[in-house]
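Commentary on secondary and tertiary structure
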Amino acid sequence: MSQIDTTISPIIENFQSKFMVDSNLPPTMPRNMSFHNGFSDPVSPASPVYESLIEKINKKIENKETWFSLEFFPPKTVNGASNLISKFEFLGSGKPLFCDITWHPAGDPASDKPTSSMKIANVMHNYCLLETMLHITCYGQTKESMKQYLDKAKSIGIRNLLALRGDPAVGTEWQYQENGFNYATDLVKFIRENYGDYFVICVAGYPHGHPDSNSYEEDLMHLKEKVDAGADFIITQLFFKAETFLKYVDDCRRIGIACPIIPGILPIQSYDSLRHICKLSKLEVPQNIVNAMEKIKGNDEAIRIYGIEQAVKLCKDLMQAGVLGVHFYTLNRDVAVTEILRILELWNKDTEPRRLPWKSKQLCSYSRPDEDVRPIFWSIRPKSYVCRTSDWDQFPNGRWGNSSAPSFGDLKDYHIFYSKINTKDCLAQWGSELNDETDVWNVFASFVSGRPNKNGVKITSFPWCEEGLASETSLLTDELERLNTQGILTINSQPSVNGAPSSDPVVGWGSSDGYVYQKAYLEFFISKSFLPFLVQSLEKYPRVIYHIINRSGDINLTNCTLLNPNAVTWGVFPGKEIVQPTVVDPVSFMSWKDEAFNIWTDFWGKLYEPNSSSKRLLENISNNYLLVNIVDNEFQKESCIWSILNEMLELKAKN
């Protein structure tokens, strides 16, 4: 036993005797048991009301507001999936009304593979919080298999479908399926018969007529059949002239199709892709475009500029004719589409107010619409939290309730987010070589301060933080930087707030007519050698609640009541009960600590070669540091957390 362990053991024994705390917190529920059992009944009247996509579209039309939407396709590799997710996050900041993902029957589209259509739609919807529409094709499917697909889509929260016939496999001919799905109309009818109005249904329109139809007029009648069967709106295939779309809309209205019709726009991004897509769609490219492309087909930059100019002109012509919404076929590329949207002034630069402290945007996950309480530990890793709670039957609403209930799943889907990390960039930011613990401390200090690291590189990403520093961290920057340089490695914090307007740009959340409150909170890693001095310092401050634990759980010290969570953020709004969106929950902390410690080795450590000194250093920190959270309950007063840690440092320096 080391000198440090000899010193710590009696502290733990004395602590447990004094506070009667068992080092093993109570077991959690089985993963698939309803989470509602442990929570108080929903009481918050502030839950958002579900507004369907077709209601949003119709509202835009009624108010004469412009909008845009985006289409993507599932990539072939996991790295491709990770890159696509990055594009979702970036393009989502422009606030598309919705995004859709195509369905590729040959790619096992309903599986749990990270590249499947269903999985990409799940990530788009539940992790990137985008209004999501899933393409689904029916040709060659049985009613049983289609029911399984639709049930799975419903289970992950999908509420919007683009119903398509689909094409026969390459090298085969279309054949009529007795009692099966032969046309998109059959799929629309099947969805309505089995799911009522649960799904918003979109169907495809063909301004030039479907290539398999005998005539343009015949194709229009087939479109009317799809709408009459229950389709809510139409997105068209690509076209090159505004008058083509405008005539198509007039023809649709003439035969009684009254639902919204959205034009599909394909920005030209390369010579070969244009030829390939037009070949698949059996479309002829106008001669003026062919001539222009022939002159520049060897110049990618010139083609990109030409494609942007063409798309902007087409969209402007449509909008001048009264078209409000446009749908872009992105081909999974973001640069050209972003530039087009900005030129058209469709890119939304406004920052949405946070509905809750841990929601950076309005939640669009209809599988958990009433959720308004979370443990504060995951406020820095919201995607991880969604992943680990995806199997819950119900979500806390109004109050967290009894702490014995929560059961957190593993991070089975989280590798999609991990794999998008750029190793070269991370090494430049976090250190290509870590020589000692102070190198690690300085990484933490550089991140919270915003200062470049010792190599002059600004740290823009961090292992424990998915989405960058919260704006309120700016109120604590100086203290956090000072502590990190001394080995107190902070990963989560919030300042005390006593009745700030909910509209405050730094700490505000919720509707603009309320007031918000916070208890000061700090979560950090420290070396086990600090423990006796931290406990000694904490004893002088009965107003704080704390929890200290190591990776194995052998050290597990807390002065809180194990089954009673502590609300650390709340808001008061007119005509509503008090909202308590974040809590410190000791049982949930046990699940969080496993994740927090694993990040040292399973994420940061994986950047380095096996048996390297850098990797061994991070493993040593993971095994020998403690994870600590402290709550100062006196939110009306200046926080005492800094005093606690300063005294701890002084005590250690004297010894």
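Look a little higher up for the structure.
Residues numbered from 1 in each chain as written. Predicted model: local features only at pLDDT ≥ 70, side-chain atom pairs only at ≥ 80, totals over all residues. Heavy atoms only, no water.

On to the packing of aromatic side chains, then. Summed over the entire model, instances satisfying the criterion amount to 31 aromatic pairs. Note on Phe 90 and Trp 347: the rings are 5.5 Å apart at their centroids and 35° apart in plane angle, and the pair reads as tilted. Here Phe 90, found in helix H3 (residues 78-92), pairs with Trp 347, found in the loop between helix H12 (335-343) and strand S9 (374-375); they are 257 residues apart in sequence, far enough to count as distant. The class of Phe 90 is partly exposed, set by a relative accessible area of 33%. Measuring from ring centre to ring centre gives 4.7 Å for Trp 464 and Trp 600, while their planes differ by 65°; the resulting arrangement is edge-to-face. Here Trp 464, found in the loop between helix H16 (437-449) and helix H17 (477-484), pairs with Trp 600, found in helix H19 (residues 586-604); they are 136 residues apart in sequence, far enough to count as distant. Neither residue differs from the other here; Trp 464 and Trp 600 are each classed as buried. Of the aromatic side chains, those joined through ring pairs into one cluster are Trp 430, Phe 444, Phe 447, Phe 462, Trp 464, Phe 525, Phe 597, Trp 600, Phe 603 and Trp 604. Here Lys 154 stacks its cationic end above the ring of Tyr 198, 4.7 Å away from the centre of that ring. (Phe/Tyr/Trp six-rings, centres within 6.5 Å; stacked < 30°, edge-to-face > 60°. Helix = DSSP H or I, 4+ residues; strand = E, 2+ residues; numbered from the N terminus. Buried < 20%, exposed > 50% of the residue type's maximum accessible area, 1.4 Å probe, protein only. Lys NZ or Arg CZ within 6 Å of the ring centre and 35° of its normal.)

Viewed as axis vectors pointing N to C, helix H8 (residues 242-254) and helix H11 (residues 300-320) meet at an angle of 35°, and their least axial separation amounts to 9 Å. Here the hand of the crossing between H8 and H11 comes out right-handed. Contacts from Ala 242, Phe 245 and Leu 246 of H8 reach H11 at Leu 314, Asp 317 and Leu 318. Split into classes, the residues belonging to the contact of H8 with H11 amount to five nonpolar, no polar and one charged. (Axes fitted to C-alpha atoms, helices over the stretch in contact; angles between N-to-C directions. Left-handed = near helix turned anticlockwise from the far one by under 90°. Contact = heavy atoms within 4.5 Å. Nonpolar A, V, L, I, M, F, W, Y, C, P; charged D, E, K, R; others polar.)

This paragraph deals with the environment of Ser 155. As for its placement among the helices and strands, Ser 155 is situated in helix H5 (residues 143-155). Once the C-alpha coordinates of Ser 155 and Asp 391 are considered, the two residues, 236 residues apart in sequence, prove to be 9.9 Å apart. Within the structure, the side chain of Ser 155 is placed 2.6 Å from the backbone oxygen of Lys 152, a separation counted as a polar contact. (Polar contact = N/O pair within 3.5 Å; in protein donor to acceptor, adjacent residues only side chain to side chain.)

All right, on to the pairing of strand S10 (residues 489-494) then. With respect to burial, S10 is a largely interior element, six of its six residues being buried. Note that S10 and strand S13 (residues 520-527) share five bridges and pair antiparallel. Opposite Gln 494, over in S13, you have Tyr 521 as the bridge partner. (Pairing = 2+ DSSP bridges.)

What follows concerns unusual backbone geometry. Glycine aside, negative phi is the norm for most residues, and most peptide bonds take the trans geometry. A positive phi angle, close to 60°, is found at Glu 345, a residue other than glycine. Using a relative accessible area of 70% as the deciding quantity, one classes Glu 345 as exposed. A positive phi is found at Asn 611, a non-glycine position, where the angle reads about 70°. Residue position: Asn 611 is located in the loop between H19 and helix H20 (613-624). Judged by relative accessible area, Asn 611 falls into the exposed class, the value being 65%.

Under the counting rule described, the total for this entry stands at 25 salt bridges. Among the salt bridges present, the one from Arg 388 reaches Glu 595, with a minimum N-O distance of 2.8 Å. Here Arg 388, found in helix H13 (residues 382-388), pairs with Glu 595, found in helix H19; they are 207 residues apart in sequence, far enough to count as distant. Per residue, the accessibility class of Arg 388 equals that of Glu 595, and both read buried. Residue Glu 479 pairs with Arg 482 through a salt bridge whose shortest N-O separation is 2.5 Å. Residue Glu 479 and its partner Arg 482 are located together in helix H17, separated by three residues, close to a single helical turn. Connected through salt bridges with shared partners, the residues Glu 217, Lys 247, Asp 251 and Arg 254 form a single ionic network. (Salt bridge = Lys/Arg side-chain N within 4 Å of Asp/Glu carboxyl O.)

Taken in spatial order, the five strands line up as S10-S13-S18-S14-S15 in an open sheet, and their pairing is antiparallel. At either end of the open sheet lies a strand with only one pairing partner, and these are S10 and strand S15 (556-558). Adjacent strand axes in the sheet meet at a mean angle of 10°, parallel and antiparallel pairs treated alike. The strands touched by helix H18 (residues 531-538) are S13, strand S14 (544-550), S15 and strand S18 (625-632); relative to S14, the strand with the most contacts, the crossing angle is about 165°. Where H20 meets the sheet, it contacts S13 and S18, and its direction lies at approximately 50° from that of S18.

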